Amino acid sequence: MFRSIVLLSLSCFSIVYGQQVGTLTAETHPKLSVQQCTSKNNCQTQQRSIVLDSNWRWLHSTSGSNNCYTGNTWDTSLCPDPATCAKNCALDGADYAGTYGITTSGNQLSLKFVTHGQYSTNIGSRVYLLDASDAKYQQFNLKNQEFTFDIDMSKLPCGLNGALYFVEMDADGGLSRFPTNKVGAKYGTGYCDTQCPHDIKFINGEANVLGWKGSDNDPNAGSGQYGTCCNEMDIWEANSMGAAVTPHVCSVQGQTRCSGNDCGDGDNRYGGICDKDGCDFNSWRMGDQTFLGPGKTVDTTKKFTVVTQFLTSNNQTSGTLSEIRRLYVQNGKVIANSKTKISGINTAYDSITDAFCNAQKTAFGDNNSFEKLGGLKQMGASFDKGMSLVMSIWDDHEAKMLWLDSQYPLNKDASQPGISRGPCAQTSGEPKDVESQSPDATVVFSNIKYGPIGSTY
């Protein structure tokens with residue numbers, strides 16, 4: 001994936017020592033129920049909640065209401081260095097619906113793209129599922145299990161991404177590992193992924209102020225010296241015009257702060273500790289342009305169910321992850337995943353295996369960093385450690401989401417295998433256009449279930 005999240009900076013008011021907890025806005029986590037299944041038609045409802053990522057929150061002085069961060073710039077008087085900034089600044093609670101367009105009802109979560117709040121205009125959001133304690137991220141090990149959810153992305157146009165995925169964050173958001181982090185998972189800290197994002201404001205309990213540079217094309221975002229890396233399993237990256245399922249792996253286990261070459265930035269994309277491309281199965285990219293989209297086999301104008309199965313070498317949780325399978329359910333009908341229709345790739349491939357990934361990378365002429373960094377075995381090892389559930393809506397200031405729904409990269413001929421990824425125009429996905437033309441775009445996730453193979457649908 002080529003993720004670049006739009007960040008919000010609020011201009012409101014706060015108070016408290018490290019990365020602090022503010023007290024001006026109460027933090028009340030919206031409730032969201034999920035189900036754990038033990039066998040078909042035998043599922044137990046679990047009352048859980050969600051929490052907003054810390055990067056979206058209002059960050060202000062502990063002694064008042066002065067912003068520590070405004071637009072894409074740090075206040076150097078409050079944040080002259082990483083440690084001082086962590087002492088001087090507090091993360092406050094969130095008005096989930098009013099400021100961020102985030103609402104829940106029973107087992108349903110809605111994420112609205114643009115929300116005009118009292119003090120700010122918010123673009124996109126990212127939330128995490130908390131466990132029963134309401135203080136830690138729920139941890140998932142999906143080996144020899146399946147994960148299922150319903151999706152309504154009928155209101156997501158070209159250039160947007162309604163994503164559901166897992167990352168190997170610390171369950172407590174880094175609270176126990178980093179003494180200067182005083183807020184933890186309750187306030188959505190500790191994010192990481194295989195893009196090793198540099199736009200995260202606090203990493204390892206310290207402000208990412210060193211070398212910070214505001215973005216040239218995003219007034220709300222910037223990047224610091226450090227990135228934050230970890231294994232990532234993209235169950236669902238999609239809009240109404242296309243979708244991809246993509247495992248990504250790293251050479252490290254757990255959330256890891258990177259700098260320099262380890263981050264894999266720019267021309268050093270394949271020299272870092274993480275596999276940024278991943279091994280994706282996108283039906284359009286794999287040659288079937290009739291499978292998923294408006295009015296197609298999987299009709300994205302209507303709600304449907306997404307089932308992802310994680311098979312192991314011995315059909316037990318102790319085995320090595322060997323295959324990631326996908327199927328859909330719509331209008332009561334189970335729909336098998338599309339088959340591959342690319343010259344040079346076995347047409348029987350309809351799932352992600354190491355053999356599929358190797359064949360795809362060869363046929364597309366892509367760098368096979370997925371294999372180099374451990375492939376599905378490494379992805380399974382990440383699940384063994386425990387992964388956190390993420391749900392988000394975002395637009396893309398770096399690549400305009402063309403890697404998901406159009407032709408990418410732009411300097412390649414679209415007739416070349418693997419370049420065409422969806423039907424959207426190469427001129428689509430410009431954030432200023434998407435934000436002005438589709439502010440009411442919304443993704444709705446619901447009916448999340450997990451359990452043994454065959455138990456959730």
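Reading guide: rules and limits
- Residues numbered from 1 in each chain as written.
- Predicted model: local features only at pLDDT ≥ 70, side-chain atom pairs only at ≥ 80, totals over all residues.
- Heavy atoms only, no water.
- Helix = DSSP H or I, 4+ residues; strand = E, 2+ residues; numbered from the N terminus.
- Buried < 20%, exposed > 50% of the residue type's maximum accessible area, 1.4 Å probe, protein only.
- Contact = heavy atoms within 4.5 Å.
- Phe/Tyr/Trp six-rings, centres within 6.5 Å; stacked < 30°, edge-to-face > 60°.
- Lys NZ or Arg CZ within 6 Å of the ring centre and 35° of its normal.
- Disulfide = S-S within 2.5 Å.

Remarks on the environment of Ile-342
Next, step 1: Within the secondary structure, Ile-342 is located in the loop between β28 (333-336) and α3 (354-364).
Next, step 2: In this structure Ile-342 comes out as buried when scored by relative accessible area, which is 13%.
Next, step 3: Along the backbone, Ile-342 and Met-286 are 56 residues apart, and their C-alpha atoms lie at a distance of 6.2 Å.

Let's talk about the environment of Val-307
Next, step 1: Examined against the element boundaries, Val-307 turns out to sit in strand β26 (residues 304-312).
Next, step 2: Each C-alpha atom, one on Val-307 and one on Thr-148, is 4.5 Å from the other, the two residues being 159 residues apart in sequence.
Next, step 3: Each residue touching Val-307, except ones within four places of it in the same chain, is listed here: Glu-146, Phe-147, Thr-148, Arg-325, Arg-326, Leu-327, Thr-456 and Tyr-457.

Notes on the side chain of Thr-228
Next, step 1: Within the secondary structure, Thr-228 is located in strand β20 (residues 227-229).
Next, step 2: Overall, the relative accessible area of 1% leaves Thr-228 in the buried class.
Next, step 3: Residue contacts for Thr-228: discarding those within four places in its chain leaves Tyr-191, Cys-192, Asp-193, Cys-196, Pro-197, Ile-200, Ile-203, Gln-255, Thr-256 and Cys-258.

Looking at helix α5 (residues 375-385)
Next, step 1: Residues Gly-375, Leu-376, Gln-378, Met-379, Gly-380, Ser-382 and Phe-383 constitute the buried set of α5.
Next, step 2: With its phi angle positive at about 110°, Gly-386 sits one or two positions after the end of α5.

Thoughts on the packing of aromatic side chains
Next, step 1: Under the counting rule described, the total for this entry stands at 22 aromatic pairs.
Next, step 2: Look at Phe-147 and Phe-166: their rings are 5.2 Å apart centre to centre, the planes differ by 85°, and that puts the pair in the edge-to-face class. Linking Phe-147 in strand β14 (residues 145-152) with Phe-166 in strand β15 (residues 160-167), this pair joins segments that are 19 residues apart in sequence. The exposure classification of Phe-147 matches that of Phe-166, with both residues buried.
Next, step 3: The ring of Tyr-191 carries the charged tip of Arg-126 above its face, separated from the ring centre by 3.7 Å.
Next, step 4: Cation over ring: Arg-257 sits above Tyr-226, and NZ or CZ is 4.0 Å from the ring centre.

Focus: the state of the cysteines
Next, step 1: Enumeration according to the criterion identifies nine disulfides in this entry.
Next, step 2: With a sulfur-sulfur separation of 2.0 Å, Cys-68 is cross-linked through a disulfide to Cys-89. Here the S-S torsion is close to -105°, and the disulfide linking Cys-68 with Cys-89 is therefore left-handed. Of this pair, Cys-68 sits in the loop between β4 (59-61) and β5 (69-70) while Cys-89 sits in strand β7 (residues 89-91), and the two are 21 residues apart along the sequence.
Next, step 3: Taking relative accessible area as the criterion, Cys-68 reaches 0% and is therefore assigned buried.
Next, step 4: What makes Cys-89 buried here is its relative accessible area of 1%.

A closer look at α3
Next, step 1: Listed in full, the buried residues belonging to α3 are Phe-356, Cys-357, Ala-359, Gln-360, Lys-361 and Phe-364.
Next, step 2: Where α3 ends, the next residue or the one after it, Gly-365, has phi of about 70°, a positive value.

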